[in-house]
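# Geometric and topological summary
What follows is the residue order along each chain.
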Amino acid sequence: MPVNRELQEAAIVSQIPDREEILKLVNRFASNEDFDTIKSFLTAAKAVRSLESFRTMKRANRVRKHCVRCHGVYTDEENTSKSCVIPHLFCSDGRGTGGMGEGGKIYEYEALCCEDVVVEEEGAGNDNYRMRGLGFCLVDRHTEDPEVAAEDHNGENVVPCEIDASGKCTREYLNPNHHSPHFH
Ligand SMILES: [Zn+2]
Ligand SMILES: [Zn+2]
Ligand SMILES: [Zn+2]
């Protein structure tokens, strides 16, 4: 087995203690004989962190990238399966539901991106939207791969990059929030 493969597998199965565990161990459980082992572990951890390749990796993880799905900025360091969040996009033509709320007649707006998703507003123009339970259109990991993003394209709120003359994407990043919907 190649050495890098061997190390990968060892890293997956080894139970590397975290900072909290080490602190608790030193504070409460470890005997004097254990201290040498703990010291070697910390020295080894420090040696790995000070490798030139480790620093290169950390720098690479902090490079700001453009997500080709949500058109937001991200770094690999903070990219998780919940980082790329795209809110629904609604048609700005509302219609009365016939219902009344505290803020007046209730209007509803249909999502352009998803079937059967509507947002209600109490009184047209009041910006008093019922956002609860609306959720988001899409939650995933940010990506630089157009083919990955293309799987989610819907021609409404999930669209490919549009690159201007200077090479920048001009697509609007729809800020996901729980306070107000985005309208087309
Ligand atoms: Zn994204
Ligand atoms: Zn949607
Ligand atoms: Zn873009």
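Quick caveat, the model's predicted, so the values are computed rather than measured.

## A few points about the overall build of the protein chain
Along its length, the protein chain carries five helices and ten strands. Taking 16 Å as the expected radius of gyration for a compact globule of 184 residues, we find that the protein chain reaches 25 Å, considerably beyond that expectation. For the protein chain, the C-alpha atoms occupy an extent of roughly 75 × 50 × 30 Å along the three principal directions. Buried positions account for 14% of the 184 residues belonging to the protein chain.

## A short note on the sheet that holds strand β7 (residues 118–122)
Pairing in this open sheet of four strands is antiparallel, and the strands run β5-β6-β7-β8 from one edge to the other. Strand pairing shows two members of the sheet lacking a second neighbour, β5 (95–101) and β8 (129–130), which therefore form its edges. Taken together, the two bridges between β7 and β8 define a ladder with antiparallel strand orientation. Across the sheet, E120 pairs through a bridge with R130, a residue of β8.

## A short note on the environment of N177
In this structure, N177 sits in the loop between α5 (146–150) and β10 (182–183). For N177, a count of 11 C-beta atoms within 10 Å gives the class exposed.

## A few points about the nonpolar core
Within the largest apolar cluster, nine residues are counted, these being C67, V68, C70, Y74, C84, I86, C137, A149 and V158. Apart from residues no more than four positions distant in its own chain, C70 is found in contact with C84, V85, I86, H142 and Y173.

## Topic: the confidence of the model for the protein chain
Across the protein chain, pLDDT averages 94, with 100% of residues at or above 70. Summarising per-element confidence for the protein chain, the mean pLDDT is lowest in β5 (87) and highest in strand β1 (residues 65–66) (98).

## Observations regarding the domain arrangement of the protein chain
Entries for the protein chain in the domain assignment read domain 1 (3–50) and domain 2 (65–183). Centre-to-centre separation of domain 1 and domain 2, based on C-alpha positions: 44 Å.

## Considering helix α3 (residues 34–49)
In a regular helix each residue adds 1.5 Å, so 16 residues correspond to 22 Å; α3 covers 23 Å between its end C-alpha atoms and thus fits that length. Counting buried positions over the 16 residues of α3 gives zero, only a small fraction of the element.

## Notes on the environment of V26
Turning to its location among the elements, V26 is positioned in helix α2 (residues 19–29). Residue classification places V26 among the partly exposed positions, given that 14 C-beta atoms sit within 10 Å. Separated by 40 residues in the primary sequence, V26 and H66 place their C-alpha atoms 43 Å from one another.

## Details of unusual backbone geometry
Peptide bonds are, in most cases, trans, and in most cases residues other than glycine have a negative phi. Positioned with a positive phi, H71 is a non-glycine residue whose angle comes to about 65°. Along the chain, H71 turns up in the loop between β1 and β2 (73–74). Positioned with a positive phi, D116 is a non-glycine residue whose angle comes to about 60°. With respect to the helices and strands, D116 occurs in the loop between β6 (104–110) and β7.

## Topic: the pairing of β6
Side chains on a regular strand alternate between the two faces of the sheet. In the sheet, β5 pairs with β6 via four bridges, with the strands oriented antiparallel. Counterpart to R95 in the pairing with β6 is E108. In textbook terms, the turn of a hairpin is the stretch between consecutive antiparallel strands, and for β5 and β6 this stretch comprises two residues. In terms of strand pairing, β6 meets β7 through five bridges, oriented antiparallel. Residue pairing across strands places Y107 opposite E121, the latter belonging to β7.

Analysis parameters
Residues numbered from 1 in each chain as written. Chains lettered and ligands numbered in written order. Predicted model: local features only at pLDDT ≥ 70, side-chain atom pairs only at ≥ 80, totals over all residues. Helix = DSSP H or I, 4+ residues; strand = E, 2+ residues; numbered from the N terminus. Rg over C-alpha atoms; globule rule 2.2 N^0.38 Å. Buried ≥ 20, exposed ≤ 12 C-beta atoms within 10 Å, placed from the backbone. Pairing = 2+ DSSP bridges. Core = buried A, V, L, I, M, F, W, Y, C linked by C-beta atoms within 7 Å. Contact = placed C-beta atoms within 7 Å. pLDDT = per-residue confidence, 0-100. Domains from an automatic or database assignment. Expected span 1.5 Å × (residues − 1).

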